[in-house]
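The residues making up each chain are set out below.
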Amino acid sequence: MASAVETGKKAAAFRAVDENITADHKVVGIGSGSTVIYAVERIVQRPELHHIVYVPTSFQSLQLITEGGLKLGSVEHTNRALRFPEIDITIDGADEVDKQLNAIKGGGACQFQEMVVAKAAKKFVMIADYRKKSDKLGTQWTKGVPIEVVPLAYKVVINALKSQLSMKPETITLRMAVAKAGPVVTDNGNFVIDAHFGSISDPSKLGREIKLLTGVVEVGLFCNMAEMAYFGEADGGVDIWTRK
Ligand SMILES: O=C(CO)[C@H](O)[C@H](O)COP(=O)(O)O
């Protein structure tokens, strides 16, 4: 039997696909993570969505698209026939979401490509299980805000995070790999720093400040981007939040 969390993830993903992706769409962005697996499962179940080109946000989602037999595209490709910088809708997971639909993302270290594919989309929808709902960003996902950095700059970025922000981080860690010696290396060849701030009073401001630090590629704070968030409940119900 599926666990409560998996039931929630699947319910959110299926409902978001059914209510947001239509046969009129030409290009759809596919996020990364364990919830997105269910979104692709639902798309594969619906033949009327198979003419659409799907743009991945990681090696993981590229594999989901190709193994599902779906059409693969990219925001950038030397072959114009495979290049799709304009996306109808992107569906992606999240690590924590507040009532304004600001989100922490990057638990899977994919936040840079996720940001590109979300920004390229006319509509951005998030899918998650009930654990990801938050009153105040930074209180549920306590591993920290994921920050992708160019490897040679990681110490410089850590020092800047300690001294140059309007909010002081409580903890800062270089994310280490599991089953491989050394740090996590992203799909873009970079490292990830996780900086935990506790409750974040102004996520947009903090995101802008971090993004300006030399060596930072992308910050896992997705503010004022998502129009809707689908949260799957343990009983298979779905709570839908819409940005006001
Ligand atoms: O941002 C992400 C990866 O970088 C994921 O979307 C986020 O971590 C949520 O993952 P999951 O669906 O497994 O909870």
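Only a predicted model underlies this, so the values are computations on that prediction, with no experimental measurement involved.

1. Notes on the site of the ligand
Then, number 1: Among the 16 residues in the neighbourhood of the ligand, the closest are listed as S32, S34, T35, D95 and K132.
Then, number 2: Within the side chain of D95, one N or O atom sits 2.6 Å away from an oxygen atom of the ligand.
Then, number 3: In this structure, an oxygen atom belonging to the ligand sits 3.5 Å away from a main-chain N or O atom of A109.
Then, number 4: Coverage of the ligand by the protein amounts to 91% of the 380 Å² it exposes when considered alone.
Then, number 5: Looking at side-chain class alone, the shell around the ligand contains 3 nonpolar, 8 polar and 5 charged residues.

2. A look at the packing of aromatic side chains
Then, number 1: On inspection of all chains with the given rule, the structure shows 3 aromatic pairs.
Then, number 2: The ring of F222 has K105 sitting right over it, with the charged end atom 5.5 Å from the ring centre.

3. Notes on the domain arrangement of the chain
Then, number 1: We note that the domain assignment places domain 1 (4-134 + 224-242) and domain 2 (145-219) within the chain.
Then, number 2: Here the C-alpha centre of domain 2 lies 24 Å away from the C-alpha centre of domain 1.
Then, number 3: The interface of domain 1 with domain 2 comprises 15 residues on the first partner and 15 residues on the second.
Then, number 4: Where domain 1 abuts domain 2, roughly 1100 Å² becomes buried across the two surfaces, and 54% of that area is made up of carbon and sulfur atoms.
Then, number 5: Among the residues of domain 1 in contact with domain 2, A109, Q111 and F112 are the three that bury the most area, contributing 46% of the side total.
Then, number 6: In this structure, the connection of domain 1 to domain 2 is made through 0 salt bridges.
Then, number 7: For the interface between domain 1 and domain 2, the tally reads 6 residue pairs in polar contact (both at pLDDT 80 or more).
Then, number 8: The dominant element in the side of domain 1 that touches domain 2, judged by the number of residues it contributes, is helix α4 (residues 111-119), at 4 residues.
Then, number 9: Taken together, the residues of the side of domain 1 that touches domain 2 sort by class into 5 nonpolar, 8 polar and 2 charged.

Thresholds, definitions, all that
Residues numbered from 1 in each chain as written. Predicted model: local features only at pLDDT ≥ 70, side-chain atom pairs only at ≥ 80, totals over all residues. Heavy atoms only, no water. Near = heavy atom within 4 Å. Polar contact = N/O pair within 3.5 Å; in protein donor to acceptor, adjacent residues only side chain to side chain. Areas by Shrake-Rupley, 256 points an atom, 1.4 Å probe, with all protein chains shown as cover. Nonpolar A, V, L, I, M, F, W, Y, C, P; charged D, E, K, R; others polar. Phe/Tyr/Trp six-rings, centres within 6.5 Å; stacked < 30°, edge-to-face > 60°. Lys NZ or Arg CZ within 6 Å of the ring centre and 35° of its normal. Domains from an automatic or database assignment. Contact = heavy atoms within 4.5 Å. Buried area = accessible area lost by both parts, 1.4 Å probe. Salt bridge = Lys/Arg side-chain N within 4 Å of Asp/Glu carboxyl O. Helix = DSSP H or I, 4+ residues; strand = E, 2+ residues; numbered from the N terminus.

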